[in-house]
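Descriptive structure summary
Residues per chain are reported as follows:
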Amino acid sequence: MSQPFALVGTAHPKPERAEELKRLLLSFVEPTRQEAGCLAYHFHEDRNEPGVFVFYEAWRSQADLDAHLALPHMRAFWERRMDYLKTDFAIHFLTMHSPYQSADHRTGAEALTG
């Protein structure tokens, strides 16, 4: 079995497009969490720099991430991303040294209460 694959990305949107980009990126969260191989998918806004977005993704494998990026809505977004961004995404690909366990796949209250 392959090792989980994770990344952290930062987006610096054009000020006039920040709210639009935020809504668009938020619309990706729930569908992505339902994809096979998605272990975690989180979208954040920097508290010290409002309008700067940070996302964290963890996938079962590189192949699962590749399948996600190949989806039509993701390909379309990638092709037009610079319409929204001042500079391209800063993406850091991570080696996971503390892999997810099966219980880590739970969300919300279930994860908190066991």
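Remember, predicted model here, so these are calculated numbers, not experimental data.

Definitions and cut-offs
- Residues numbered from 1 in each chain as written.
- Predicted model: local features only at pLDDT ≥ 70, side-chain atom pairs only at ≥ 80, totals over all residues.
- Heavy atoms only, no water.
- Axes fitted to C-alpha atoms, helices over the stretch in contact; angles between N-to-C directions.
- Helix = DSSP H or I, 4+ residues; strand = E, 2+ residues; numbered from the N terminus.
- Parallel < 35°, antiparallel > 145°, perpendicular 65-115°, else oblique.
- Left-handed = near helix turned anticlockwise from the far one by under 90°.
- Contact = heavy atoms within 4.5 Å.
- Nonpolar A, V, L, I, M, F, W, Y, C, P; charged D, E, K, R; others polar.

1. Some thoughts on the packing of helix 1 (residues 18-33) against helix 3 (residues 72-80)
- Relative to each other, helix 1 and helix 3 sit at 155°, their axes nearing to 12 Å. Taken together, the axis directions place helix 1 and helix 3 in an arrangement best described as roughly antiparallel. When you trace helix 1 past helix 3, the crossing you get is left-handed. Along its contact with helix 1, which presents Leu 21, Leu 24, Leu 25 and Phe 28, the element helix 3 presents His 73, Met 74, Phe 77 and Arg 80.
- When its residues are assigned to classes, the contact of helix 1 with helix 3 shows six nonpolar, one polar and one charged.

2. A closer look at the side chain of Thr 10
- Relative to the elements of secondary structure, Thr 10 occurs in strand 1 (residues 5-13).
- What Thr 10 contacts, discounting residues up to four positions off in sequence, is Val 52, Phe 53, Val 54, Phe 55, Phe 89 and Ala 90.

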